[in-house]
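# Structure at a glance
For reference, the chains in residue letters:
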Amino acid sequence: MAVEWITPDELPNLWDTAEGIDDDLRADLLDAAQDACEAWLPAEGDPERPRDRTIRLAQLSLVRGLWNDAIGGESGDIGADGFDFNPPWLAREARRMMRPPRGGTSLATGHDPDPEPVVP
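Criteria and cut-off values
- Residues numbered from 1 in each chain as written.
- Predicted model: local features only at pLDDT ≥ 70, side-chain atom pairs only at ≥ 80, totals over all residues.
- Heavy atoms only, no water.
- Helix = DSSP H or I, 4+ residues; strand = E, 2+ residues; numbered from the N terminus.
- Buried < 20%, exposed > 50% of the residue type's maximum accessible area, 1.4 Å probe, protein only.
- Contact = heavy atoms within 4.5 Å.
- Expected span 1.5 Å × (residues − 1).
- Arc of directions from axis to C-beta.
- Polar contact = N/O pair within 3.5 Å; in protein donor to acceptor, adjacent residues only side chain to side chain.

### Re the overall build of the protein
Of regular secondary structure, the protein possesses four helices and zero strands. Listing each helix as α and each strand as β along the protein from the N terminus yields α-α-α-α. The burial tally for the protein puts 30% of its 120 residues in the buried class. Within the protein, contacts between residues separated by at least 24 positions form 58% of all contacts whose residues are at least 6 apart in sequence.

See the structure below:
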């Protein structure tokens, strides 16, 4: 069964900030996030594929990350009057929702936490 991706009309119900985003830009952000999710997801029927609700949360995380990146200054900071902060880029968390790390080899580093001993 195909994922019911977040629609531009639905987005403000899931994320307050979306209310102030232009409709066309809202659709563009959702499309870009959906494309990224589809590229990263395991195929339908794969036992590693997460539930559709998790995929939708990953799409939402990517939309928020794209928006934060779009409104941030050159250094990525958001805010004014000396109260700037640099929001974390959410792509890593979205990827982890779609392909959670399992025991053994770490996806982030490729490092095996318990390697076999090397016998000379």
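### Overview of helix α2 (residues 23-40)
End to end, α2 covers 26 Å across 18 residues, agreeing with the expected 26 Å (1.5 Å per residue, within 8%). Inspection of α2 places Arg26, Leu29, Leu30, Ala33, Gln34 and Cys37 among the buried residues, and these make up the whole buried set. Along the long axis of α2, the arc covered by the buried residues comes to 130°, so they all point the same way. In α2, those exposed residues whose orientation departs by more than 90 degrees from the buried face are Asp24 and Ala39. Of the residues that open α2, the one with a side-chain oxygen 3.0 Å from the backbone nitrogen of Asp24 is Asp22.

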